[in-house]
Amino acid sequence: KTKILDAARQMAESALRVLGTAYKKVDGITIKEHFENNMVFVGLVGMIDPPRLEAKEAIQVCKDAGIKTVMITGDHELTARAIARELGILKDGIAITGAELDKMSDTEYAQAVNKIEVYARVSPSHKLRVIEAFSKQGDIVAMTGDGVNDAPALKKADIGVAMGITGTDVSKEAAAMVLTDDNFKSIVAAVEEGRVIFNNIKKYLMYLLSSNLGEILVMAGAVILGPILGLPPGTVPLVAVQILLVNLITDGLPALALAVDPPDPGIMQQKPRPRGQGIFTRPVVTLMAVGGVWSGIINLGIFTWALNSGKNLIEAQSLCFLTLIVIQLFKAYNFRSEKISVFKIGIFRNKWLNLAVLSQVVLVLVIVEVPALQGIFNTFPLTFTEWISVTLLAGTIFPILEISKMFIRRQENKTAGR
């Protein structure tokens, strides 16, 4: 018996699932309960279901992304340990069996749950207890499964993931997501895609809201501060058609291009955002406010300067109109991240944004320089020097937003250091 148990242990430690085989000669009709008594041992059979080659890499990506991967299996503890070590799941933590879990009180288990990386010989009730323990400490729990017994746990988890190929119909009905290829790597790919979509929605909203804030401030500033700035009564920086055109040019193609922006560098090295955290965090609101306020100041400033320097109202409005458009096109590049420098991301990585900005620049040139359109859009042709001045003045948004990002990063580093 000792030799057999030692052999079984060695096979289990080699990540093999071990079956014992035996036989018994039966003469005539025998009671079923007696079948397993006085049998003759034949030998051990070791089987292995090797993990996919990409699974280990995917688990490491999860770890880098702040996602804890835990193995829950019905296999023998030694087999589970061996496979978990091979996959990189079991490193600094511990492995326990379902029987050991039953002996723990809720308090003891709550204290140990973050240290346990492998659960072996578990039942469906054990899976539910694991999910509840993680949920109580505020974690978002994803559970994978394929059998009928996994259905309660798949339903209980925040995200139940069933296997599309080997999974039962019951598990698929209980799950929130079904893997068509039964590949753990697909879950990691889904996490990355979800992060990219969330970030791009954030970029889109930052850009639109900051641009609209700038437009509101320049118009409201002219009305409220007009007497202080020496503006004639009733003077506005933009006429209605110019406001509509600004929204068409800046809120159209460039904004849509941000919605398909490539992933930020190291997006899967970022830690998960806290449960319940929305889009409008402090860095996002800060960057939107800085961009909007600076845009309002620059555009109101150039409009005031133009009028006070002797230019007529149409010329002043044209300068303000063009500066507003150019500054918002520059913003589209800055708002590709609320923390990471645009130079680190790569200014021209988004080909759709490049094409969108280029097409809108051509449109603006046509509107300003073609005489037939000048009367329609209340524009005035600019000299080469004025074009350079508008571009340089609008370009000041780049250092302003980059400096703001630097302060945001420093503040977050200080908070993390605490």
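Anyway, here's the lowdown on the structure attached to this text.

Parameters and conventions
Position numbers for residues count from 1 along each chain, tracking the sequence in the order it is written. Confidence filtering applies because this is a predicted model: local features only for residues at pLDDT of at least 70, side-chain atom pairs given and counted only at 80 or more, and all residues used for totals across whole chains, interfaces and linings. Note that water and hydrogens are dropped before the side-chain values are worked out from all heavy atoms of the structure. By definition here, a salt bridge exists when the distance from a side-chain nitrogen of Lys or Arg to a carboxyl oxygen of Asp or Glu is within 4 Å. The secondary structure listing takes helices from DSSP runs of H or I that are at least 4 residues long and strands from runs of E that are at least 2 residues long, numbered from the N terminus. Three labels apply to residues, based on accessible area from a 1.4 Å probe with only protein chains included: buried if under 20% of the type maximum, exposed if over 50%, partly exposed otherwise in between. Residues enter patches when their relative accessible area tops 30% and they take part in no salt bridge; the joining distance is 9 Å for like charges and 5 Å for the nonpolar side chains Val, Leu, Ile, Met, Phe, Trp and Tyr. Here the open area of atoms and residues is found with the Shrake-Rupley method and a 1.4 Å probe, where only the protein chains shown may cover a residue. Any two of the Phe, Tyr and Trp rings considered here, Trp counted by its six-membered ring, make a pair once their centres fall within 6.5 Å; the pair's planes then place it as stacked at under 30 degrees, edge-to-face at over 60, or tilted in between. The rule is short: NZ of Lys or CZ of Arg within 6 Å of the ring centre and within 35 degrees of the ring normal puts a charge over the ring. In the analysis that follows, any N or O atom pair within 3.5 Å is treated as a polar contact, provided that within protein one partner can donate a hydrogen and the other can accept it, and provided that, for residues neighboring in sequence, both atoms belong to side chains. In this description, contact between two residues means that some pair of their heavy atoms is separated by no more than 4.5 Å. Pairs of strands are assigned from DSSP output, requiring at least two bridges between the strands. Given the number of residues in a helix, its expected span is that number minus one, multiplied by 1.5 Å. Note that bend, as reported per residue, equals the angle between axes fitted to the 7 residues terminating at that residue and the 7 residues originating from it.

## A word on the pattern of salt bridges
Point 1. Applying the stated rule across the entire model yields 13 salt bridges.
Point 2. The partner of Lys127 in a salt bridge is Asp150, with the nearest N and O atoms 2.2 Å apart. Placement of the pair is Lys127 in helix α6 (residues 124-136) and Asp150 in the loop between β6 (142-145) and α7 (151-156), with a sequence separation of 23 residues.
Point 3. We note a salt bridge from Lys405 to Glu402, for which the minimum N-O separation is 3.5 Å. One end of the pair, Lys405, and the other, Glu402, are both in helix α18 (residues 397-417), 3 residues apart, so they sit about a helical turn from each other.
Point 4. Lys405 sits in the buried class, given a relative accessible area of 0%.

## Focus: a nonpolar patch on the surface
Point 1. A surface patch of nonpolar side chains, amounting to about 430 Å² of accessible area, comprises Val223, Ile224, Leu225 and Ile228.
Point 2. Counting through the fold element by element, Ile228 comes out in helix α9 (residues 184-229).
Point 3. Take Ile228: its relative accessible area is 68%, and that puts it in the exposed class.

## Structural notes on the packing of aromatic side chains
Point 1. Scanning all chains against the criterion turns up 3 aromatic pairs.
Point 2. Taking 6.2 Å as the distance between ring centres and 45 degrees as the angle between the ring planes, the aromatic pair formed by Phe343 and Phe398 counts as tilted. In this pair, Phe343 is assigned in helix α14 (residues 342-345) and Phe398 in helix α18, connecting sequence segments 55 residues apart.
Point 3. The exposure class assigned to Phe343 is exposed, which follows from its relative accessible area of 55%.
Point 4. Each member of the aromatic cluster is reached from another via a ring pair, and the members are Phe330, Phe343 and Phe398.
Point 5. Across from the ring centre of Phe198, 3.9 Å away, lies the NZ or CZ of Arg273, which sits over that ring.

## As for the side chain of Lys203
Point 1. Within the secondary structure layout, Lys203 lies in helix α9.
Point 2. Within the structure, the side chain of Lys203 is placed 3.1 Å from the side chain of Asp264, a separation counted as a polar contact.
Point 3. Beyond its immediate sequence surroundings of up to four residues, Lys203 is in contact with Leu258, Asp261, Pro262, Asp264, Phe335 and Arg336.

## Some remarks on the environment of Met288
Point 1. Among the secondary structure elements, Met288 is positioned in helix α12 (residues 282-308).
Point 2. On the basis of relative accessible area, Met288 is assigned to the buried category, the value being 12%.
Point 3. Along the chain, Met288 and Asn38 lie 250 residues apart, while their C-alpha atoms are 79 Å from each other.
Point 4. Beyond its immediate chain neighbours, meaning those up to four positions away, Met288 contacts Leu205, Met206, Leu209, Ser210, Leu213, Phe280 and Phe335.

## As for the sheet that holds strand β5 (residues 116-120)
Point 1. Pairing is parallel in the open sheet, where 3 strands are placed in the order β3-β5-β4. At either margin of the open sheet sits one strand with a lone partner, and together these are β3 (71-72) and β4 (94-97).
Point 2. Where β4 meets β5, 4 bridges bridge the pair, whose relative direction is parallel. The residue of β5 that forms the bridge with Ile96 is Tyr119.

## Observations regarding α9
Point 1. End to end, α9 covers 63 Å across 46 residues, agreeing with the expected 68 Å (1.5 Å per residue, within 8%).
Point 2. Where α9 bends most, the angle comes to about 50 degrees, and this point is Val223, followed within four residues by the proline Pro227.
Point 3. One side-chain oxygen of the residue at the start of α9 lies 2.9 Å from the amide nitrogen of Lys185, identifying that residue as Asn183.
Point 4. Looking one or two residues past α9, Gly230 carries a phi angle of roughly 80 degrees, positive in sign.

## Points about the environment of Gly43
Point 1. Tracing the sequence through the fold places Gly43 in strand β2 (residues 40-47).
Point 2. For Gly43 and Ala8, which are 35 residues apart along the polypeptide, the C-alpha to C-alpha distance reads 9.9 Å.
Point 3. Non-local contacts of Gly43, meaning those with residues more than four positions away in its chain, are made with Leu19, Gly20 and Thr21.

## What about α6?
A turn of α-helix holds 3.6 residues, and therefore any two residues three or four places apart point the same way.
Point 1. Here α6 contains 13 residues, and its C-alpha end-to-end distance of 19 Å stays within 8% of the 18 Å for a straight helix at 1.5 Å per residue.
Point 2. Within α6 the residues assigned to the buried category are His126, Lys127, Arg129, Val130, Ile131, Ala133 and Phe134.
Point 3. Where the residues of α6 are buried, they touch β3, α4 (98-103), α5 (106-112), β5, β6 and α7.
Point 4. Looking at the residues trailing α6, positive phi occurs at Gly138, about 90 degrees.

## Section: unusual backbone geometry
Point 1. At Arg121, a residue that is not glycine, the phi angle is positive and equals roughly 55 degrees.
Point 2. Locating Arg121 in the fold gives a position in the loop between β5 and α6.
Point 3. Given the relative accessible area of 48%, Arg121 is considered partly exposed.
Point 4. In this structure, Asp182 takes a positive phi of about 55 degrees despite not being glycine.
Point 5. The class of Asp182 is buried, set by a relative accessible area of 13%.

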